[in-house]
Amino acid sequence: MSGTVKSEVIVASVIFDGALIRKLNQSGPRYTSYPTADRFTEAFGYRDYLQAVATLRTRGAQNPLSLYLHIPFCDTVCYYCACNKIVTRDRSKAVTYLSYLKREIEIQGQLFTGMNRVEQLHFGGGTPTYLSDEQMGDLMLHLRRWFQFASDDVGEYSIEVDPRTVSRERVFSLRQQGFNRISLGVQDFDADVQKAVNRIQPEHETLGIMQAARDAGFRSVSIDLIYGLPKQNVISMAQTLAKVVAANPDRIAVYNYAHLPHLFKPQRRILAEDLPSSETRLDMLALCIRKLTEAGYVYIGMDHFARPDDDLAVAQRQGLLHRNFQGYSTHAESEMVACGVSAISAIAATYSQNVKTLDSYYGHLDRNELPIARGIKLNMDDAVRRTIIQMLMCNFELPIASIEQAYPITFSEYFAAELDQLAVLVEDGLLTMDSEWLSVTLKGRLLIRNICMVFDRYLSTRPRQAQYSKTI
């Protein structure tokens, strides 16, 4: 069924224009931050982070915190994976890692004394549920010793779960430990696809864990899917989508598989000839959008869909949606404190990333210092461009007056070159412009990264790098 993409498929909140996507599809950042992580430098270090925290304290910071914890371990390798992970069955490695992770949490907790109210928590990986139930419980208690958590009805406390690693009882325990949102990695229900990516995951197990999460009282259940995997086709994708829709998760993320074997060794086990063609991938994307919106899901942006009553959809309608390293978020004003190897924090006008290897991570903490490897301090130009990209990514529109009120610029003069570039995208039908607003069209929503790239100053001063995925 490849090559059958209609020139234009209209759905509730987005228009899929196959011809336009084929014309404009290119490599580009996902903008979970601006500047993007590949622009961080080793010139930014531990002392710069301490200065950023001190700046918050001087200002009398009132913003709540968002905590991210990276658990890098997995039992087995999924061939498509591009995460920073350690595949091992040696559970003693997790024991050592946790002892150092708790030390990092303690240092951060001391730094944020008096301004340590947490309203968002996210455990990512790797596989967070690689940790035993006892280890997870102990880690959560340790977090509560050093940070003040908002009540369950206010805070958003989420964890990524591999359904193969948990039982119904474990799901109930996670809820009792304080998690109220759960994200399940599914990718595809098709057995041939699962075999091709080394992730055998029976459908009944995944659905059972979803039901357990609902029975345990989780506020939200999310599912991750991937299109473009080996052995996938439109028919198998349609079957997976039908099963997902029937399971009725609150949120669905549909990611485009980026095949970058030169960067991610596990992907070298995927045969290029098993990958669907570019036309088939477009067919699958069109199918996903049509089926999910027909089922009542709202297109949030990028690769995310949500029920109309989900917090993400509500926040978008209210203009309060935010985007960070965990994707779309409802906590726009939070300072992000990230712990664990490779984790990225966003404090005041800075980003900082931890070291990526266990040995280096342990070495820094043995010296009683945070394991920061690199980062960046935003200047005014970075800040205004970050605000613009955030608004476009989250709200699909930009009120020009709000930028001129927040920053000492005249928009039309400061961004004269960018407006010339945007004029070309206006001709392509991606957005409309006047003196007061930039508004992304329904056609342009799928290509929002292309629009945001116009405002990315670093792309014009340094060549586009190979590690970026395609914008569609």
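Notes on the structure follow. Treat the numbers as computed from the prediction; the structure is a model and nothing was measured.

Conventions and cut-offs
Residues numbered from 1 in each chain as written. Predicted model: local features only at pLDDT ≥ 70, side-chain atom pairs only at ≥ 80, totals over all residues. Heavy atoms only, no water. Helix = DSSP H or I, 4+ residues; strand = E, 2+ residues; numbered from the N terminus. Buried < 20%, exposed > 50% of the residue type's maximum accessible area, 1.4 Å probe, protein only. Areas by Shrake-Rupley, 256 points an atom, 1.4 Å probe, with all protein chains shown as cover. Lys, Arg positive; Asp, Glu negative; His and termini not counted. Charge placed at Lys NZ, Arg CZ, Asp CG, Glu CD. Contact = heavy atoms within 4.5 Å. Axes fitted to C-alpha atoms, helices over the stretch in contact; angles between N-to-C directions. Parallel < 35°, antiparallel > 145°, perpendicular 65-115°, else oblique. Left-handed = near helix turned anticlockwise from the far one by under 90°. Nonpolar A, V, L, I, M, F, W, Y, C, P; charged D, E, K, R; others polar. Pairing = 2+ DSSP bridges. Salt bridge = Lys/Arg side-chain N within 4 Å of Asp/Glu carboxyl O. Expected span 1.5 Å × (residues − 1). Arc of directions from axis to C-beta. Core = buried A, V, L, I, M, F, W, Y, C linked by side-chain atoms within 4.5 Å. Right-handed = clockwise from strand over helix to strand, strands pointing away. Polar contact = N/O pair within 3.5 Å; in protein donor to acceptor, adjacent residues only side chain to side chain. Phe/Tyr/Trp six-rings, centres within 6.5 Å; stacked < 30°, edge-to-face > 60°. Lys NZ or Arg CZ within 6 Å of the ring centre and 35° of its normal.

**A closer look at the overall build of the protein chain**
1) Next: Within the protein chain one finds 17 helices and 22 strands.
2) Next: For the C-alpha atoms alone, the extent of the protein chain along its principal axes is close to 55 × 55 × 40 Å.
3) Next: Per-residue burial over the protein chain gives 57% buried out of 472 residues.
4) Next: Accessible area for the protein chain stands at about 19,300 Å²; split by element, carbon and sulfur atoms hold 50% of it.
5) Next: Distance from the positive charge centre (51 side chains) to the negative charge centre (53 side chains) of the protein chain: 4 Å.

**Comments concerning the environment of lysine 356**
1) Next: Along the chain, lysine 356 turns up in the loop between strand S18 (350-354) and helix H11 (358-366).
2) Next: Given a relative accessible area of 51%, lysine 356 falls into the exposed group.
3) Next: Along the backbone, lysine 356 and isoleucine 235 are 121 residues apart, and their C-alpha atoms lie at a distance of 39 Å.
4) Next: Leaving out residues up to four positions away in the same chain, lysine 356 has contacts with Asn84, Val341, Ser342 and Arg374.

**Comments concerning the packing of helix H3 (residues 92-111) against H11**
Two packed helices can be described by the angle between their axes and the distance between those axes.
1) Next: Contact pair H3 / H11: the axes reach a minimum separation of 10 Å and the direction vectors enclose 45°. The pairing of H3 with H11 is recorded here as oblique in orientation. Taken as a pair, H3 and H11 cross one another with a handedness that is left-handed. Contact residues: H3 offers Lys93, Thr96, Tyr97, Tyr100, Leu101, Arg103, Glu104 and Ile107, while H11 offers Leu358, Tyr361, Tyr362, Leu365 and Asp366.
2) Next: Partitioning the contact of H3 with H11 into residue classes produces 8 nonpolar, 1 polar and 4 charged.

**Examining the sheet that holds strand S20 (residues 397-399)**
1) Next: Pairing is antiparallel in the open sheet, where 3 strands are placed in the order S20-S22-S21. Strand pairing shows two members of the sheet lacking a second neighbour, S20 and strand S21 (431-433), which therefore form its edges. Going across the sheet, the axis of each strand differs from the next one's by a mean of 10°, ignoring polarity.
2) Next: In the sheet, S20 pairs with strand S22 (residues 437-440) via 3 bridges, with the strands oriented antiparallel. Paired with proline 399 across the two strands is tryptophan 437, which belongs to S22.
3) Next: The strands touched by helix H12 (residues 380-395) are S20 and S22; relative to S20, the strand with the most contacts, the crossing angle is about 135°.

**Brief notes about the pattern of salt bridges**
1) Next: Inspection of the entire model under this criterion finds 24 salt bridges.
2) Next: Across the pair arginine 103 and glutamate 106 runs a salt bridge whose closest N-O atoms are separated by 3.3 Å. Taken together, the positions of arginine 103 and glutamate 106, both in helix H3 and 3 residues apart, correspond to about one turn of that helix.
3) Next: By relative accessible area, arginine 103 is classed as partly exposed at 23%.
4) Next: One network of salt bridges, with partners in common, ties together Asp381, Asp382, Arg385, Glu418 and Arg457.

**A word on the packing of helix H2 (residues 46-58) against H3**
1) Next: The contact between H2 and H3 brings their axes to 11 Å, and the two run at 40°. Taken as axis vectors, H2 and H3 run oblique relative to one another. Listed contacts from H3 to Tyr46, Tyr49, Leu50, Val53 and Arg57 of H2 are Ile107, Gln108 and Leu111.
2) Next: Looking at the contact of H2 with H3 residue by residue, the class counts come to 6 nonpolar, 1 polar and 1 charged.

**Examining helix H7 (residues 203-216)**
1) Next: With 14 residues, H7 extends 20 Å from end C-alpha to end C-alpha; this agrees with the ideal 20 Å at 1.5 Å per step.
2) Next: Every buried residue of H7 is accounted for by Thr206, Ile209, Met210, Ala212, Ala213 and Ala216. Considered in projection along H7, the buried side chains sweep an arc of 160° and stay on one side of the axis.
3) Next: Buried positions along H7 lie against helix H5 (168-176), strand S9 (181-187), strand S10 (220-227) and helix H8 (234-247).
4) Next: Downstream of H7 by a residue or two, glycine 217 has a phi angle that is positive, lying close to 95°.

**With respect to the nonpolar core**
1) Next: Leu101, Phe112, Leu121 and Phe123 are the most contacted members of the largest nonpolar core, which has 137 residues in total.
2) Next: With 8 residues, helix H9 (residues 278-294) is the single largest residue contributor to this core.
3) Next: Excluding residues within four positions of it along the chain, phenylalanine 123 makes contact with Tyr68, Leu69, Ile71, Pro128, Met136, Leu139, Met140, Leu143, Ser158, Ile159, Glu160 and Phe179.

**Side note on the pairing of S9**
Side-chain positions along a regular strand alternate between the two faces of the sheet.
1) Next: Counting buried residues along S9, 7 of its 7 residues qualify, which places the element largely inside the surrounding structure.
2) Next: Burial along S9 is two-sided: Arg181, Ser183, Gly185 and Gln187 and Ile182, Leu184 and Val186, pointing in opposite directions, are all buried.
3) Next: Summarising the sheet, strand S8 (residues 156-161) and S9 pair through 4 bridges and their orientation is parallel. Across the sheet, isoleucine 159 pairs through a bridge with isoleucine 182, a residue of S9.
4) Next: After leaving S8, the chain enters H5 and then returns to the sheet as S9, a path that is right-handed.
5) Next: With 6 bridges joining them, S9 and S10 adopt parallel strand pairing. Note on S10: the bridge partner recorded for isoleucine 182 is valine 221.

**A closer look at the side chain of aspartate 162**
1) Next: Checked against the element boundaries, aspartate 162 lands in the loop between S8 and H5.
2) Next: According to the relative accessible area criterion, aspartate 162 is buried, its value standing at 8%.
3) Next: Polar contacts involving the side chain of aspartate 162 include one to the side chain of arginine 164, which spans 2.8 Å.
4) Next: The residues contacting aspartate 162, other than those within four sequence positions of it, are Thr127, Thr129, Arg199 and Gln201.

**So, the packing of aromatic side chains**
1) Next: Taken as a whole, this structure holds 15 aromatic pairs when the rule is applied.
2) Next: In this structure an aromatic cluster arises from ring pairing among Phe73, Tyr97, Tyr100, Tyr130, Tyr361 and Tyr362.
3) Next: The side chain of arginine 144 reaches across the aromatic face of phenylalanine 149, ending 4.7 Å from its centre.
4) Next: Here arginine 307 stacks its cationic end above the ring of tyrosine 297, 4.0 Å away from the centre of that ring.

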